[in-house]
Amino acid sequence: MDAATGTILFEKNSHDAMPPASVTKIMTMLLIYEAEENGQFQWQDQVRVSSYAASMGGSQVYLKEGEQMSVEDLLKSVVIASANDAAVALAEYVSGSVEAFVAKMNAKAAELGMTSTKFENVTGLDDTAENHLTSAKDIALMSGELIKHPLILQYSSIWMDTIRDGAFGLTNTNRLVRFYKGCTGLKTGSTSKAGCCLSATAERDGMELVAAIVSVG
């Protein structure tokens, strides 16, 4: 998809609804950016981690119950390392509960015309999810909306970084950032149910593209 115009340059089975794994977090991140722009918080505000957020499995930064971390570092953990615990902590901070945040995710999906999408959580973890689905077309739509926020590409193009004052390293799950010229992000995802999923963004010679792939076994 041409990011500037939304024109689809190539598609195949683009409306098929399938599990998206951590590509889900594109919508999570989009709502975080919108909440910050609406003045709900500032990037250096401190978030206290709940027991539920700390209990998340899969990709994580090993948050502890009661630990405090800035919104910015939690967001970096989501963008770069796909941290499930950080995504849940941010969702609870912004909306009071994961359930309330997921309702906002589905409302935003409807607003963007994402007709093949239903979110059940903020992470893409799907061991217990029954109908957590999206499509390549819908991923491209929400990706195009997310990259309207310039800060996201500053984070998603980072190969390695740290949190906790340098004590904990983050490595980007998207190897294209390191090896593909012009790659700026955006989000990977993988579970046994979803297979390998990707929303990749790149810019060369003034043209910015989004490539979305969902559920490749």
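Here, every reference points to the structure presented above.
Engineer: When you look at the overall build of the protein in this model, what are you seeing that I'm missing?
Structural biologist: When helices and strands are tallied, the protein shows eight helices and seven strands. Its C-alpha atoms give the protein a radius of gyration of 16 Å, within 12% of the compact-globule value 17 Å for 217 residues. For the C-alpha atoms alone, the extent of the protein along its principal axes is close to 45 × 40 × 35 Å. Classification of the 217 residues of the protein by burial places 53% in the buried group. When contacts within the protein are restricted to residue pairs at least 6 apart in sequence, long-range pairs at least 24 apart make up 61% of them. With an accessible surface of roughly 10000 Å², the protein has 49% of that area assigned to carbon and sulfur atoms. Positive and negative charge centroids in the protein, built from 17 and 26 side chains respectively, lie 5 Å apart.

Engineer: Hey, could you run me through unusual backbone geometry in this one?
Structural biologist: It is generally the case that most residues other than glycine have a negative phi and that most peptide bonds are trans. That bond from Gly185 to Leu186 is cis: its omega, 25°, falls within 30 degrees of zero. Within the fold, Leu186 resides in strand E5 (residues 183-191). The phi angle at Tyr62 is positive, at roughly 60°, despite the residue not being glycine. Here Tyr62 shows up in the loop between helix H2 (51-54) and strand E2 (68-70). Positive phi, close to 55°, is recorded for Asp165, a residue that is not glycine. Note that Asp165 resides in the loop between strand E3 (160-163) and strand E4 (168-171). For Asp165, a relative accessible area of 86% puts it in the exposed group.

Engineer: Sorry, what's going on with the nonpolar core here?
Structural biologist: Here is a general trend for soluble globular proteins: nonpolar side chains tend to be buried in one another's company. Met27, Leu75, Val122, Met142 and Ile152 are the most contacted members of the largest nonpolar core, which has 61 residues in total. Counting only elements with at least two residues in this core, the list comes to helix H1 (25-37), helix H3 (71-81), helix H4 (84-95), helix H5 (98-111), helix H6 (136-146), helix H7 (150-156) and strand E7 (207-216). At eight residues, H1 tops the list of elements feeding residues into this core. If we ignore the near neighbours within four places in the chain, the residues touching Ile152 are Met29, Tyr33, Val79, Leu146, Ile147 and Leu186.

Engineer: Just checking my understanding: could you explain H4 for this structure?
Structural biologist: Since one α-helical turn is 3.6 residues long, residues separated by three or four positions face the same way. For H4, with twelve residues, the first-to-last C-alpha span of 17 Å sits near the 16 Å given by 1.5 Å per residue. Three or more residues of H4 are buried, namely Asn84, Asp85, Ala86, Ala87, Val88, Ala89, Leu90, Ala91, Glu92, Val94 and Ser95. Turning to H4, the residues buried within the fold contact H1, strand E1 (46-48), H2, H3 and H5. Downstream of H4 by one or two residues, Gly96 has phi in the positive range, about 90°.

Engineer: What am I meant to see in the packing of aromatic side chains here?
Structural biologist: The final tally for this structure, using the stated rule, is four aromatic pairs. Measuring from ring centre to ring centre gives 5.5 Å for Tyr33 and Trp43, while their planes differ by 65°; the resulting arrangement is edge-to-face. Separated by ten residues along the polypeptide, Tyr33 in helix H1 and Trp43 in the loop between H1 and E1 bring together distant segments of the chain. As far as burial versus exposure is concerned, Tyr33 and Trp43 are alike and both buried.

Engineer: How do you make sense of empty space enclosed by the protein when you look at a structure like this?
Structural biologist: One way to see where empty space is left: roll a probe the size of a water molecule over the atoms. Tallying each qualifying case throughout the model produces one cavity of 30 Å³ or more. A volume near 30 Å³ is recorded for the largest cavity. Lining the largest cavity, in full, are Val79, Ser156, Asn172, Thr173, Asn174, Gly185, Leu186, Lys187 and Thr188.

Engineer: Help me understand the side chain of Thr117, please; the structure alone is not making it clear to me.
Structural biologist: Within the secondary structure, Thr117 sits in the loop between H5 and H6. Overall, Thr117 belongs to the buried group, its relative accessible area being 15%. Among the polar contacts made by the side chain of Thr117, one reaches the side chain of Thr134 at a distance of 2.6 Å. The contact partners of Thr117, leaving out residues within four places of it in the chain, are Ala109, Leu133, Thr134, Ser135 and Asp138.

Engineer: Help me understand the pattern of salt bridges, please; the structure alone is not making it clear to me.
Structural biologist: When the charged atoms of two side chains with opposite charge come close together, those side chains can pair. Inspection of the entire model under this criterion finds six salt bridges. The residue Lys108 makes a salt bridge to Glu111 at a minimum N-O spacing of 3.1 Å. Of this pair, Lys108 and Glu111 both sit in helix H5, three residues apart, which is roughly one turn of that helix. Taking the relative accessible area as the measure of exposure, Glu111 reaches 58% and is therefore exposed. Salt-bridge contacts for Glu145 lead to Lys148; the nearest nitrogen and oxygen are separated by 3.0 Å. The class of Glu145 is buried, set by a relative accessible area of 18%. Each member of the salt-bridge network shares a partner with another, and the members are Glu34, Lys108 and Glu111.

Parameters and conventions
Residues numbered from 1 in each chain as written. Predicted model: local features only at pLDDT ≥ 70, side-chain atom pairs only at ≥ 80, totals over all residues. Heavy atoms only, no water. Helix = DSSP H or I, 4+ residues; strand = E, 2+ residues; numbered from the N terminus. Rg over C-alpha atoms; globule rule 2.2 N^0.38 Å. Buried < 20%, exposed > 50% of the residue type's maximum accessible area, 1.4 Å probe, protein only. Contact = heavy atoms within 4.5 Å. Areas by Shrake-Rupley, 256 points an atom, 1.4 Å probe, with all protein chains shown as cover. Lys, Arg positive; Asp, Glu negative; His and termini not counted. Charge placed at Lys NZ, Arg CZ, Asp CG, Glu CD. Core = buried A, V, L, I, M, F, W, Y, C linked by side-chain atoms within 4.5 Å. Expected span 1.5 Å × (residues − 1). Phe/Tyr/Trp six-rings, centres within 6.5 Å; stacked < 30°, edge-to-face > 60°. 1 Å grid on protein atoms, 1.4 Å probe; cavity = no way out; pocket = protein on both sides within 12 Å on 5 of 7 lines; lining within 4 Å. Points joined across faces, edges and corners; volume = space filled by probe spheres on them. Polar contact = N/O pair within 3.5 Å; in protein donor to acceptor, adjacent residues only side chain to side chain. Salt bridge = Lys/Arg side-chain N within 4 Å of Asp/Glu carboxyl O.

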